[in-house]
Amino acid sequence: MLNSEIQLAVLFQGDAGVQQLIWIVTGNSGSSMQRLILVCALVVGLAACGPTPRQEQPELSELFERAPRGPLPDGVRPVAYDIDLRIDPRRTRFGGTVTIDVEFDQPAQGFWLHGQGLEIREVTVSGTNMQDEAATWRDVLNSGVAWIHFPRRAGAGTVRVEIDYTAPFDANLAGLFKVEEQGGAYALAKSESIQARRFMPGFDEPRFKTPYDIVLTVPEDDIAISNTPIEREEILEEEGFKRITFKPTRPLPTYLLSLAVGPFDRLDGPSLSPNEVRDFSVPLLVGESIALVIPYPLSR
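Now for a quick tour of the structure. Every value quoted in this text rests on a predicted model; they were computed, and no experiment measured them. (Residues numbered from 1 in each chain as written. Predicted model: local features only at pLDDT ≥ 70, side-chain atom pairs only at ≥ 80, totals over all residues. Heavy atoms only, no water.)

## What about the sheet that holds strand β13 (residues 223-225)?
Reading across from one edge, β10-β11-β16-β13 is the order of the four strands in this open sheet, with antiparallel pairing throughout. Sheet topology places β10 (175-181) and β13 at the edges, where each strand pairs with a single neighbour. Taken over all neighbouring pairs, the strand axes of this sheet differ in orientation by 10° on average, direction set aside. In this sheet, strand β16 (residues 260-262) lies alongside strand β11 (residues 184-190) in antiparallel orientation, the contact comprising two bridges. Within the sheet, the bridge partner assigned to Ala-187 lies in β16 and is Val-261. (Pairing = 2+ DSSP bridges. Helix = DSSP H or I, 4+ residues; strand = E, 2+ residues; numbered from the N terminus. Axes fitted to C-alpha atoms, helices over the stretch in contact; angles between N-to-C directions.)

In C-alpha cells:
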C-alpha cells in the first residue's frame, strides 16, 4: 500500500479578531498519524494559551433593557478610589481622572456604575488578562446608570479602571457646582443623597463604603478642602496652580464625599456658649476645626 500524504488545516481566532491558519502535512503511516495528533494538540494548546478573544459591543437597546432601575447588581464592588481633579472655579468646566479598583466575584464582560452628565474622554482597564487596554463607556439611563464594557472578558478578582473625563460645573447647586460672590469664584460639592454621580464616576450607593485618595490641582491663591487634612502641597509656579494631596480617607460612601475650592477666609471665631444640653463652651476655629469633647473617629 502506497504511503500518501494527509493534509490538515487548523483555523483559529487570535487576538483582536485576527484569524490564523496552520497548515499541517504528514504521511498516513502509524508514526506519522501519531505525530499529527501531537502537533494538533500542540496547536490547540497554544491557541488556548493566547489572549482572550475580544468581545463584541452590546447594542444600546440591549443595555437599556438590562440596566438596573434600582440598586446596582451584587457581585461587583469598589475597593479603592484614586481621585485626581483639576478644579478652577473661574472656569466653566473641571476634569481629571478617577481610578477605581473594582472587585468581581465572577468573570465579567463589564459592569454597571454611575455617572451623570460626564464627558468621558478615555477608559483604560488593567487586570489578569488585560493591561492598559481601552474599554468603552456607555450612558444608558437618564438617572446616571452607565455601562463599562471590557475589551475582553475579565476573570474573577480585581480590575483597575481608570476613567479620564471632564464635566461642566452644575448650575443647580447639586454635584460640583460653582458660585460667584463679591468677585470671588467658589466650587463646592453636594454629594448627598445621590449627587456624587454628577461630578465623578463611581458606585453612588450608600452600601458601598470605600477609602479615597484625593488630589486636587487648584489656583495657587485658592484654598482647597476635602474630607481629610492636607498631606502635602506642591506649587506649580509655571502654571499659577498648586497640587494638593490629602491624607487617605477611611471607607466612606459617596454621599459623604466633600470638596471645596475657592478664596475662603480663615478666621478664629468666638466660642460656642454653654446651653441647655452642655454646661461648657466650645472653641470654634472657622476654616480649621472644631474642638470636641467626645473624640471624633475620623480625620478632620
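## What about the pattern of salt bridges?
All told, the structure shown has 18 salt bridges when counted by the stated rule. Put simply, Asp-170 and Arg-198 hold a salt bridge, and the shortest N to O gap is 3.3 Å. Placement of the pair is Asp-170 in the loop between β9 (157-168) and β10 and Arg-198 in the loop between β11 and β12 (212-219), with a sequence separation of 28 residues. You can call Asp-170 buried: its relative accessible area is 14%. The salt bridge partner of Asp-204 is Arg-197, with a shortest N-O separation of 3.0 Å. Here the two residues Asp-204 and Arg-197 agree in accessibility, since each one is buried. One salt-bridge network, held together by shared partners, links Asp-74, Glu-205 and Arg-207. (Salt bridge = Lys/Arg side-chain N within 4 Å of Asp/Glu carboxyl O. Buried < 20%, exposed > 50% of the residue type's maximum accessible area, 1.4 Å probe, protein only.)

## Focus: a negative patch on the surface
On the surface, a cluster of negative charge is made up of Glu-220, Asp-221, Glu-234, Glu-237 and Glu-238. You can see Glu-220 is positioned in the loop between β12 and β13. Among the residues examined, Glu-220 registers a relative accessible area of 33% and is labelled partly exposed. (Patch = residues over 30% accessible without salt bridge, like charges linked within 9 Å, V, L, I, M, F, W, Y side chains within 5 Å. Areas by Shrake-Rupley, 256 points an atom, 1.4 Å probe, with all protein chains shown as cover. Lys, Arg positive; Asp, Glu negative; His and termini not counted. Charge placed at Lys NZ, Arg CZ, Asp CG, Glu CD.)

## Concerning the sheet that holds strand β5 (residues 108-114)
Hydrogen bonds along the backbone pair up the strands of a sheet, which may run parallel or antiparallel. On the basis of which strands lie adjacent, the open sheet formed by ten strands has the order β5-β8-β7-β6-β9-β4-β3-β12-β15-β14 and mixed pairing. Both edges of this open sheet fall to β5 and β14 (230-236), since each of them pairs with a single strand only. This sheet shows a mean twist of 20° between the axes of neighbouring strands, independent of strand direction. Relative to strand β15 (residues 241-246), β14 is paired through six bridges, and the arrangement is antiparallel. Within β15, the residue paired with Ile-230 across the bridge is Phe-246.

## Things to note about the environment of Ala-67
Within the secondary structure layout, Ala-67 lies in the loop between α2 (60-66) and β3 (76-86). For Ala-67, a relative accessible area of 6% translates into the label buried. Taking C-alpha positions, Ala-67 is 8.3 Å from Trp-147, a pair spaced 80 residues apart along the chain. Apart from residues lying up to four places away in sequence, Ala-67 is in contact with Trp-112, Val-140, Leu-141 and Val-145. (Contact = heavy atoms within 4.5 Å.)

## So, the side chain of Ser-191
As for its position among the elements, Ser-191 is in the loop between β11 and β12. Owing to a relative accessible area of 1%, Ser-191 belongs among the buried residues under this scheme. Within polar-contact distance, the side chain of Ser-191 engages the backbone oxygen of Leu-257 at 2.7 Å. Once residues within four sequence positions are removed from consideration, Ser-191 is found in contact with Ala-196, Phe-199, Thr-254, Tyr-255 and Leu-257. (Polar contact = N/O pair within 3.5 Å; in protein donor to acceptor, adjacent residues only side chain to side chain.)

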